[in-house]
Amino acid sequence: MAINARKASGRDGPNPFVTRKISRNQRNATKRPAPKARPSRSHRSTSLRTYPKQRSRRSVPSSPFRHTRAAITDLDIPLDSRRPVLIDGENVAYNDISSEYVANRIYQAYQWFAANGYRALVLCPDYLLAKLSGQTPHMPIELVTDIPDDRGNHATNVAFELTLLQRAADEQAAIVSERSFASSYHSHIDVVQNRVVGFTFFRESIFIPVDPYGRAGPWLREILRK
């Protein structure tokens, strides 16, 4: 009896998809780049090291005054080298918030300089005493007569400013005031530019800056020294 052998079909042969898949993997494997060698520790530390950028130095104008903190705040000047201090009572007493003249503000300014060993004197127009609110503590006050009483005298009072500047020039004194002296500084430019000490108040306490004219000076120590 003859046995009919089945003809070999294409399905019985090797799977063409497997062959194609293998060849594709092989093709991709040849294109994959080889891994790079890992850098040594010394090389990595050198590459990761960062250097700060060099900053350009700004040129600061030199000043004849010493800028150390001790020189600024040290007011222990020899007695014969200390300037007398004239306090602008009208300007110091005026409170910008309440629009009143407060006697205690004048006393705070006087006490600040007296406690530091300086001879201080309060100058004010004679009409100011009637405007002061609160009890006037004991302190040396000199009244200046023949000064017109105007509403804005606490900020600008040319007649009183001229008297104050002339007195400071005669006695080589410093002035405690926040006036700009815009209308009177021509008579005594040196006093206005070098011997006026500003101030500020916080509640009932006065603060005297160590740099009344700003960074360029003169500093408070230089102002109070003859």
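Residues numbered from 1 in each chain as written. Predicted model: local features only at pLDDT ≥ 70, side-chain atom pairs only at ≥ 80, totals over all residues. Heavy atoms only, no water.

Taking an unreviewed UniProt entry as the reference, the protein is identified by name as RNase_Zc3h12a domain-containing protein belonging to Anopheles merus.

1. A word on the overall build of the protein
Heads up, the condition is: Helical segments are the DSSP runs of H or I of at least four residues, strand segments are the runs of E of at least two, and each set is numbered from the N terminus. Only protein chains enter the accessibility calculation, which uses a 1.4 Å probe; a residue is then buried when its area is under 20% of its type maximum, exposed when over 50%, and partly exposed in between. Note on definitions: a residue-residue contact is assigned when non-hydrogen atoms from the two residues lie within 4.5 Å. Areas reported as accessible are Shrake-Rupley estimates using a 1.4 Å probe. Residue values count occlusion only from the protein chains shown.
What the protein contains, in helices and strands, is eight helices and 10 strands. Residues counted as buried form 33% of the 226 residues belonging to the protein. In the protein, once contacts between residues fewer than 6 apart in sequence are set aside, the share between residues at least 24 apart is 57%. Here the protein displays about 15,800 Å² of accessible surface, and carbon together with sulfur accounts for 51% of that area.

2. Some words on the environment of Ser187
Checked against the element boundaries, Ser187 lands in the loop between strand S7 (174-176) and helix H7 (189-194). Ser187 gets classed as partly exposed once you look at its relative accessible area, which sits at 42%. Excluding its chain neighbours within four sequence positions, the residues that come into contact with Ser187 are Leu162 and Leu165.

3. Examining the sheet that holds strand S6 (residues 141-144)
Applied cut-off: At least two bridges found by DSSP between two strands are what make those strands a pair.
Spatially, five strands are ordered S6-S4-S1-S7-S8 in an open sheet, and the strand pairing comes out parallel. Each of the sheet's edge strands pairs with one partner strand only, and the pair in question is S6 and strand S8 (196-197).

4. Structural notes on the pattern of salt bridges
Inclusion rule: Salt-bridge detection follows one rule: a side-chain nitrogen of Lys or Arg within 4 Å of a carboxyl oxygen of Asp or Glu.
Tallying each qualifying case throughout the model produces seven salt bridges. For Arg179, the salt bridge is made with Asp88, and the minimal N-O distance between the two is 2.4 Å. Placement of the pair is Arg179 in the loop between S7 and H7 and Asp88 in strand S1 (residues 85-88), with a sequence separation of 91 residues. Accessibility classification places Arg179 together with Asp88 in one group, the buried group. In this structure, the salt-bridge partner of Glu161 is Arg179, at a minimum N-O distance of 3.8 Å. In this pair, Glu161 is assigned in helix H6 (residues 158-171) and Arg179 in the loop between S7 and H7, connecting sequence segments 18 residues apart.

5. Things to note about the packing of aromatic side chains
This is how it is decided: Between the rings of Phe, Tyr and Trp (Trp by its six-membered ring), a pair exists once the centres lie within 6.5 Å; its type follows the angle of the planes, with under 30 degrees stacked, over 60 edge-to-face, and the other angles tilted. Criterion for a charge above a ring: Lys NZ or Arg CZ within 6 Å of the ring centre, and within 35 degrees of the ring normal.
Applying the stated criterion across every chain, the model contains three aromatic pairs. Measuring from ring centre to ring centre gives 4.9 Å for Trp112 and Phe113, while their planes differ by 70°; the resulting arrangement is edge-to-face. Note on Phe199 and Phe201: the rings are 5.8 Å apart at their centroids and 80° apart in plane angle, and the pair reads as edge-to-face. Both residues of the pair, Phe199 and Phe201, count as buried. Taking the ring centre of Tyr118 as reference, the NZ or CZ of Arg82 above it sits at 5.0 Å. Sitting over the face of the ring of Phe201, Arg105 holds its NZ or CZ atom 3.9 Å from the ring centroid.

6. Quick word on the environment of Asn91
To keep it simple, the criterion reads: In the analysis that follows, any N or O atom pair within 3.5 Å is treated as a polar contact, provided that within protein one partner can donate a hydrogen and the other can accept it, and provided that, for residues neighboring in sequence, both atoms belong to side chains.
As for its placement among the helices and strands, Asn91 is situated in helix H4 (residues 89-93). Since its relative accessible area comes to 10%, Asn91 is described here as buried. In sequence terms Asn91 and Arg105 are 14 residues apart; their C-alpha atoms lie 9.8 Å from each other. In contact with Asn91, not counting residues within four places along its chain, are His154, Ser177, Glu178, Arg179 and Phe199. From its side chain, Asn91 meets the backbone nitrogen of Glu178 in a polar contact 2.8 Å long.

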